[in-house]
Amino acid sequence: MADCPFDFVNDGKKHTICLVGGGGKTTVMYELAAAWAACGSKVLVLTSTHILRPVDGSFAANVPAVQNLWQQGRYAVIGTPEPATGKLTAPPQDLYEALHLQADVILCEADGSRHHPCKVPAENEPVLLPDSDIVLAVAGMDALDNSLAQACQRPQPAAALLGCNLNSVIDEQMLAVLLLSEQGARKNVGKRTFYIVLNKCDLLPVAQQEKILRLLVRAGIDERRIWLRERGE
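Residues numbered from 1 in each chain as written. Predicted model: local features only at pLDDT ≥ 70, side-chain atom pairs only at ≥ 80, totals over all residues. Heavy atoms only, no water.

Caption draft 1: A look at the packing of aromatic side chains. Across all of its chains, the model carries six aromatic pairs by this definition. Summarising the aromatic geometry, the rings of Phe8 and Trp36 are spaced 5.9 Å apart at their centres and angled 20 degrees between planes, so their arrangement reads as stacked. One end of the pair, Phe8, is in the segment before β1 (15-21); the other, Trp36, is in helix α1 (residues 25-38), and 28 residues separate them in sequence. Three or more aromatic residues link up through ring pairs in this structure, and these residues are Phe6, Phe8, Trp36, Tyr195 and Trp227. Just above the ring of Tyr195 sits the side chain of Arg225; from NZ or CZ to the centre is 5.5 Å. (Phe/Tyr/Trp six-rings, centres within 6.5 Å; stacked < 30°, edge-to-face > 60°. Helix = DSSP H or I, 4+ residues; strand = E, 2+ residues; numbered from the N terminus. Lys NZ or Arg CZ within 6 Å of the ring centre and 35° of its normal.)

Now the structure itself:
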């Protein structure tokens, strides 16, 4: 399945996965959805906040439309349309309840980053699905060597967390803290299994990739739960 190394992609179990952080959550979510669907899984995609309504025909407004997409071997995207913005918000609860037992895999974008490669969640973020068993934290490697003010959504609380200022340049240690802190990407994870996607790794020299990988592993993250993802995978 794609080039994702995570153990859950081939374990044959049902999963509800929430994606948090920055740096390409939506791309990763749809990549995983397409790969699972190609393997014959019934894949449901949604948001608990906001995502753009897809224009590829994968949006489904009701249960029959979802089931029709599944019969075609495609994933189905559900949500509540916002005509003024072209975005979807969380789906109606009755629609989700009607489908979540039928789906093999559920993927939910559980917070936003306004295209920043990294972030610190707001007080009301992330909006994790209560029945989710996996949290997938995403960070873009283009955050490195840029200032907090440039690259981080909500840079003020990030600076407070890191003990620096808004002009501080993000390095591997700082990014690791944002990913691992319970005020950062691990907020509200609880007993859910936690995975990390380091996105756009092709922008980094191998030495930098290895450095942040070592930092995460030393902090207790199993290396098998870290995906060094390149663009276009």
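From this point, things continue past the structure.
Caption draft 2: Representation of the packing of helix α5 (residues 155-162) against helix α6 (residues 172-180) within the structure. For the pair α5 and α6, interaxial distance at closest approach is 11 Å and the crossing angle is 105 degrees. Comparing the axis directions of α5 and α6 gives the class roughly perpendicular. Across the interface between the two elements, Ala158, Leu161 and Leu162 from α5 touch Met174, Val177 and Leu178 from α6. (Axes fitted to C-alpha atoms, helices over the stretch in contact; angles between N-to-C directions. Parallel < 35°, antiparallel > 145°, perpendicular 65-115°, else oblique. Contact = heavy atoms within 4.5 Å.)

Caption draft 3: Geometry of unusual backbone geometry. Between Glu125 and Pro126 the backbone carries a cis peptide bond, its omega angle lying at -15 degrees. Residue placement: Pro126 occurs in the loop between β8 (118-119) and β9 (134-140). With a phi angle near 70 degrees, Asp145 is a residue other than glycine that sits in the positive phi range. Tracing the sequence through the fold places Asp145 in the loop between β9 and α4 (148-151). Its relative accessible area of 56% is what places Asp145 among the exposed residues. With phi around 65 degrees, Asn188 is a residue other than glycine that occupies positive phi space. When its relative accessible area of 48% is taken as the criterion, Asn188 is described as partly exposed. (Buried < 20%, exposed > 50% of the residue type's maximum accessible area, 1.4 Å probe, protein only.)

Caption draft 4: Summary view of the state of the cysteines. Across all of its chains, the model carries zero disulfides by this definition. Lacking any disulfide linkage, Cys118 is separated from the closest cysteine sulfur, that of Cys152, by 4.0 Å. Residue classification places Cys152 among the buried residues on the basis of a relative accessible area of 1%. (Disulfide = S-S within 2.5 Å.)

Caption draft 5: Summary view of the pairing of β1. Here β1 lies mainly inside the structure; seven of its seven residues are buried. Neither face of β1 is left uncovered, since the one carrying His15, Ile17, Leu19 and Gly21 and the one carrying Thr16, Cys18 and Val20 both have all their residues buried. Relative to strand β7 (residues 105-109), β1 runs parallel, the two sharing five bridges. Opposite Leu19, over in β7, you have Glu109 as the bridge partner. Pairing between β1 and β9: five bridges, direction parallel. Counted as the bridge partner of Gly21 is Val138 from β9. (Pairing = 2+ DSSP bridges.)

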